[in-house]
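Inside the fold
Chain by chain, the residues run as shown.
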Amino acid sequence: MGFGLPPGENEEYDPYGTTYENRYGTPPIPTSSPPVSRNAYSRPLRAQPESNAEKQIGEVLEHIKSEWPAMCQNECVPVHIALQLLDTSSVGRAHEYPEFERTHNYLQESLKGIVHEHHQGFNSSIGTFHKIQSSIQASQKRVRTLKESLLSSKTNLATADPELRKLGTASSTYDGLLHTLSEIEDLRLVPDQLEARISEKRFLTAVEILQTALRRIRVPELDEIGALSELRSYLTNQETALTDILIEELHDHLYLKSPYCQERWQYLAKSQGGMGKDQTVPNSSIRLFYEVLDQMDLTEPMVEEPSRNPEADTFYYIQLVVEALNKLGALESAVNNIKQRLPVELFGIVNETNTEVDQKHPSSLRGGISHTQGNQAFGSRENSIRADVIYDLLWTLYAKFESIAESHRIFHDSVKAIVRREGGRNSSILLGGFRELWNLYQNEIRSLLHNYVTTDADVYQFNSTSKLGSSRQDSKKEHLFQFSDADSKSVQMTTEYQDLEGIIRAAVPGLMSKQGADTKKPLANRTDSMIGRSGSRRVTSTAYDSKTGGVGAHKSLVEPSVFNMSLLLPPTLGFLQRLKSIVPPGSDLVTSTLTSFLDNFLVNVFLPQLDETLGKLSDSVFEESDSFQEDPQWTNVARRPVFKGTSAFFSLITAFCKMLDTIPHDQALSSLIITQMLRYYDRCCNWYKSLVSRVQDSEGSKMKLSALLASEAGDIQETMKKLWTLEEDDKTLLEKEAGLLILHTNENPLRLEDIILDRETISSLCILYTSMKWLSIKVEQLRHITRNDTDSSRTTMQRPANRRWTLLNDSSNLQEDQNPVYLPMTQETVVAFDGIVSSYQELAGTVLLTLHMEIRCQIVYALSIALSPETAPYLLEQVVNDPDPKILNLNADLVSYEETVVRFLRDKEVSFIRTGLGLLIDNFLVTNAGMVQAMNANGCGRMQLNILVLQQNLKNIEADVSLDRAAKFFDLFTEGPDAVIKQAKDGKEPANEGKELFSYDELKTLIELCYSEQLSSPERGISTVAKRGMSDYLLQLSEHMWQS
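What counts, and at which threshold
- Residues numbered from 1 in each chain as written.
- Predicted model: local features only at pLDDT ≥ 70, side-chain atom pairs only at ≥ 80, totals over all residues.
- Heavy atoms only, no water.
- Helix = DSSP H or I, 4+ residues; strand = E, 2+ residues; numbered from the N terminus.
- Buried < 20%, exposed > 50% of the residue type's maximum accessible area, 1.4 Å probe, protein only.
- Contact = heavy atoms within 4.5 Å.
- Areas by Shrake-Rupley, 256 points an atom, 1.4 Å probe, with all protein chains shown as cover.
- Arc of directions from axis to C-beta.
- Phe/Tyr/Trp six-rings, centres within 6.5 Å; stacked < 30°, edge-to-face > 60°.
- Lys NZ or Arg CZ within 6 Å of the ring centre and 35° of its normal.
- Axes fitted to C-alpha atoms, helices over the stretch in contact; angles between N-to-C directions.
- Parallel < 35°, antiparallel > 145°, perpendicular 65-115°, else oblique.
- Left-handed = near helix turned anticlockwise from the far one by under 90°.
- Nonpolar A, V, L, I, M, F, W, Y, C, P; charged D, E, K, R; others polar.
- Core = buried A, V, L, I, M, F, W, Y, C linked by side-chain atoms within 4.5 Å.
- Disulfide = S-S within 2.5 Å.
- Salt bridge = Lys/Arg side-chain N within 4 Å of Asp/Glu carboxyl O.
- Polar contact = N/O pair within 3.5 Å; in protein donor to acceptor, adjacent residues only side chain to side chain.
- pLDDT = per-residue confidence, 0-100.
- Patch = residues over 30% accessible without salt bridge, like charges linked within 9 Å, V, L, I, M, F, W, Y side chains within 5 Å.

Moving on, we come to the overall build of the protein. Along the backbone of the protein there are 38 helices and two strands. Across the 1044 residues that make up the protein, the buried fraction comes to 45%. Pairs at least 24 apart in sequence give 79% of the contacts found in the protein among residues at least 6 apart. Element-wise, carbon and sulfur atoms account for 51% of the exposed surface of the protein, whose accessible area totals about 55900 Å².

So this is what it looks like as structure tokens:
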């Protein structure tokens, strides 16, 4: 090992040191590390002191290491050193050879000293070596003997032995029998295991157990065992039964038959605003559907989790059933089965929901609207009832539809993942079910819209009770068999149920495991429970005709009406919007076309129905006997009285506008309303004409004079319009109007049929004016210009693009009156709308002018009679202190007329009607004074009394009224012809410019009246004198009047 090792380190194995073997050789000296001193080791030194030989050998080694270091290296070549020692040249080491010999001798002496000290150990090691060598030789002999024995055994074993062969064959047979018995024992446990897994709804494990058992029992070794035939038949039947169970379980969760599905659709109904008003329903157990999709991992086959209830999570359970069906190889048949049963199941969903809502809202509360006419606008109470029923039905139904669509999406994605994993299948057959679901949804929604919008009673029955004249097919539908009608306690039913239960338990053990806890109950009770469950399950046979393949109609919960459209669309559009997020991507169903069927319904069903309904409702408004009577509730809608028909018509228009505001704009719908507005204008025009028409057998115009002057263009109409538009009274225009009227009536004398005698007619005209004015203002507020120019009524134009079916207004605010209502129109349609508004205003203006002129015509007619000598002679023999009865009647008529207009019209219209009445009377009495023909002083006194009575009465009607001109005129009669001539002179003087002036004709008439009594005298001399005097005064009058 080297010189640096401490002495005695390995003495228990080599008591003489590690350098004994190299005692006579050159000890190797390592170069990789410096020598280690003895004090560097942590081991304790020897207890005994070091001997002289050991010291001597240590000194020798130290000497060699210092003087001959090359001898201590591992690469030392002794021959090389020897040649150097023999080399006597200058580079050789021959001169060191003596030193080398001394070192060698010293080393030999040291080794001898070591040998002398340790000779006993050396001797004992030689003996031990001989013993070891002897043991090795003995072992070699034994191994040689064992090898010979093995060769002999091999030879013996290779020799054939018939007895051993028989034993080996028997052993193999017994092993096969044991294996077969083990297989039979395992197969015998399969039914119990399978039933337990099915009852636990662990279908993946059940399928694995069944398929493993089928593979094991179908091996050739077990085919000849007759005892297994019953078990083999059971397993084969169980494969079909398990497939049926899986399909039924899948249907239960796809169509919400399982109680575990109720919570989700109820949550959806509440969260969407149907069953509750709160839009947010705190429920952490229900996950949003997009979260469900994000958390699904369909890349790997599904692994069953024994610790959880699989049915608690519907989506997980659907994946589980799909995986189980795929393992059974029945996935394609399950998809076909689902497609076939889809129409019946969906119809059952609708029917069940309809029944639930019908029971929740009793018919007694809906009686007021259930049996009334379908074409009517409902009141606020009926609107509230209809909204509650329809919203409850649709939000509940659409929540179920949405939940079903989500389940079908999970089913679709699970099938798609299986097809993608396994490949080699016709994916179009397996993945085409979602479009079929949408088609059926579309049909059901269309049917609902039909049922609650259209009034076709031949197709959609409304009352649940059978009607007279109903067909046999209808009666058959109403009397189909139902399980709930069966007598569960009858002997026949009990026996049949017992046999059925035994068959099901034998064929499908897992199917009856649910009722395992009911085995101790009486059989009748179990029958009751079964029938109860069957009866509570969705009964679709009552509405589905297997022979015709069609479905029946659902019972309508409220009366069909186009006004229901505003209630039907918000839930429908909300459901379609949410359905877009459920449609699987990559399917053949384009989400942008989900609302295209609504376009067809709008054009082909709703638009004709709206036209018909609007026409019928308008007719009912127009044809009501009291439609042109004062509305008793006019204070709720207007400041002045309006017709009952007008307020009803505007309510109808408003209701339709509210309803149209919830659907995409279509000019055809707006045009329908505009058409009815035009019809109402025509109706009001006809009513106006009927009010102002003359008797049928009268000659000349067919209208009263006031209506004729108000409606026909002329100077009088133009003057009246100017007076109406002026802010302040214009006396010049008033005098012009009075003069034109007097001139017209003088040319065409008024008759009794030319004036309106009935006060009710005046009242109707007043209400017609206020109604037209109010309606024009209200209708104009509906004016709204839209950029959407869709018009379904234009058949020649290209088919428009898909409508933007969005919810225009919040459904919760549709019934509120505070929301503004508009009638959307395009620039083209609004022209007709503005024309109708103008027509309303023009009709109102015509009525107002008629009222303005009618009172003047009555004044002219009454004064004409009062001045006529046939009815009121003014040649009186004595003084009369009472006014003319005609004048009193005129006063009464004026007061009544004024009271009527004040009651119905505003102050502005009232002022327009009564301003200028005094001026008309004043001018008429002066201008037409010649109608009296003959007058004496007593007659003039009566005329002045009439003027005074008229003036006093007019002061109660018209402010600042005065008949001074007429009074002055007849005062001149009392003063005589000289006063008339003096008046003519004074009227021409500038100083008297402020006095009332009379025309030449008026003064001439006055002079003629002054001599009228003498001229009418039967004595010829008196009349001759009177003629001469009158001629002189007329000559003087002409001289003064025509001098300029």
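Listing the buried residues of helix α31 (residues 907-914) in full gives Glu909, Val910, Phe912 and Ile913. Summarising the axial view, the buried residues of α31 lie within an arc of 160 degrees, below the 170-degree limit, and thus occupy one face. Where α31 is buried, its residues touch α26 (715-725), α28 (759-780), α29 (829-867), α30 (885-904) and α32 (917-927). Of the residues one or two after α31, Gly916 is the one with positive phi, at around 100 degrees.

Once that is clear, we can look at the packing of aromatic side chains. For the structure on display, the rule yields 16 aromatic pairs. Each ring, one from Tyr398 and one from Phe401, has its centre 6.3 Å from the other, and the planes form 50 degrees; the classification is tilted. Of this pair, Tyr398 and Phe401 both sit in helix α15 (residues 380-422), separated by three residues, roughly a single helical turn. For Tyr398, a relative accessible area of 1% gives the class buried. Summarising the aromatic geometry, the rings of Phe969 and Phe970 are spaced 5.3 Å apart at their centres and angled 85 degrees between planes, so their arrangement reads as edge-to-face. Exposure remark for Phe970: the relative accessible area of 0% places this residue in the buried category. Taken together, the ring pairs connect Tyr398, Phe401, Tyr441 and Phe575 into an aromatic cluster. In this structure, Lys908 is placed above the aromatic ring of Trp724, and the distance from its NZ or CZ to the ring centre is 4.7 Å.

Another point: helix α6 (residues 190-199). By the burial criterion, the buried members of α6 are Val190, Pro191, Leu194, Arg197 and Ile198. Buried residues of α6, seen end-on, are gathered within an arc of 130 degrees and therefore sit on one face of the element. Where the residues of α6 are buried, they touch α5 (162-188), α7 (203-217) and α9 (229-254). Note on α6: the residue one or two positions beyond its end, Lys201, has a positive phi of about 65 degrees.

A few words on the environment of Ser864. For Ser864, the position within the fold is in helix α29. Residues Ser864 and Val932 lie 68 residues apart in sequence; the distance between their C-alpha atoms is 9.4 Å. Apart from the residues within four sequence positions on either side, Ser864 is in contact with Phe924 and Met931.

Right, let's get into the packing of helix α27 (residues 731-747) against α32. The angle between the axes and the distance between the axes are what describe a pair of packed helices. The geometry of α27 relative to α32 is characterised by a closest axis approach of 10 Å and an angle of 45 degrees between their N-to-C directions. As judged from the angle between their axes, α27 and α32 are oblique. Here the hand of the crossing between α27 and α32 comes out right-handed. Residue-level contacts link Lys731, Leu734, Glu735, Ala738, Leu741 and Ile742 of α27 to Leu919, Leu920, Asn923, Phe924 and Thr927 of α32. Class assignment for the residues of the contact of α27 with α32 results in seven nonpolar, two polar and two charged.

Let us look at unusual backbone geometry. With a phi angle near 65 degrees, Leu256 is a residue other than glycine that sits in the positive phi range. You can see Leu256 is positioned in the loop between α9 and α10 (262-271). At Asp960, a residue that is not glycine, the phi angle is positive and equals roughly 55 degrees. Inspection of the secondary structure assignment puts Asp960 in the loop between α33 (937-954) and α34 (964-975).

Turning next to the nonpolar core. Formed by 240 residues in total, the largest nonpolar core has its most connected members in Tyr441, Phe606, Phe656 and Tyr840. With near-sequence residues (within four places) excluded, Phe606 lies in contact with Val453, Val562, Met565, Phe601, Met659, Ile663 and Leu669. Counting 12 residues, the second-largest nonpolar core is a separate cluster that includes Ile57, Leu107, Leu111 and Ile114.

Scanning all chains against the criterion turns up zero disulfides. Cys76 supplies the cysteine sulfur nearest to Cys72, a cysteine that is in no disulfide, at a spacing of 8.4 Å. Cys1010 forms no disulfide, and the closest cysteine sulfur to it belongs to Cys940, at a distance of 8.5 Å. Taking the relative accessible area as the measure of exposure, Cys1010 reaches 14% and is therefore buried.

Quick look at the pattern of salt bridges now. All chains considered together, the criterion is met by 29 salt bridges. The partner of Lys327 in a salt bridge is Glu208, and the shortest N-O contact between them spans 3.0 Å. Here Lys327, found in helix α12 (residues 314-328), pairs with Glu208, found in helix α7; they are 119 residues apart in sequence, far enough to count as distant. Given the relative accessible area of 33%, Lys327 is considered partly exposed. Across the pair Arg421 and Glu323 runs a salt bridge whose closest N-O atoms are separated by 3.0 Å.

With that out of the way, let us pick up the packing of α28 against α30. Packing of α28 against α30 leaves a shortest axis separation of 9 Å and a crossing angle of 25 degrees. In terms of orientation, α28 lies roughly parallel with respect to α30. Crossing angle aside, the handedness with which α28 passes α30 is right-handed. Listed contacts from α30 to Arg759, Ile762, Ser763, Cys766, Ile767 and Thr770 of α28 are Asp893, Ser896, Tyr897, Thr900, Val901 and Phe904.

With that settled, the discussion passes to the side chain of His253. Here His253 lies in helix α9. Taking relative accessible area as the criterion, His253 reaches 0% and is therefore assigned buried. Looking at His253, its side chain comes within polar contact range of the side chain of Glu311, at 3.0 Å. In this structure His253 touches Ser258, Tyr260, Cys261, Glu311, Thr314, Tyr317, Ile318 and Ser407, once residues within four positions along its chain are discounted.

Chain-level pLDDT for the protein is 76 on average; 77% of the residues reach the 70-or-more range. Confidence, read as mean pLDDT per element, is least for helix α18 (residues 472-478) in the protein (40) and greatest for α28 (92). Taken together, the stretch residues 367-378 has pLDDT below 50 and engages in 29 contacts with residues farther than four places along the chain or on a different chain.

Here Asn52 shows up in helix α1 (residues 52-67). On the accessibility criterion, Asn52 (62% relative accessible area) is exposed. Along the primary structure Asn52 and Gly113 are separated by 61 residues, whereas in three dimensions their C-alpha atoms are 8.2 Å apart.

This part is about a nonpolar patch on the surface. Together, Val77, Val79 and Leu83 make up a nonpolar patch on the protein surface, roughly 290 Å² of accessible area in all. Secondary-structure assignment places Val77 in the loop between α1 and α2 (78-86).

Moving on: the side chain of Glu323. Along the chain, Glu323 turns up in helix α12. Judged by its relative accessible area of 9%, Glu323 is buried. Polar contacts involving the side chain of Glu323 include one to the side chain of Arg421, which spans 3.0 Å. Contact partners of Glu323, with chain neighbours within four places excluded, come to Leu204, Pro301, Met302, Ile418 and Arg421.

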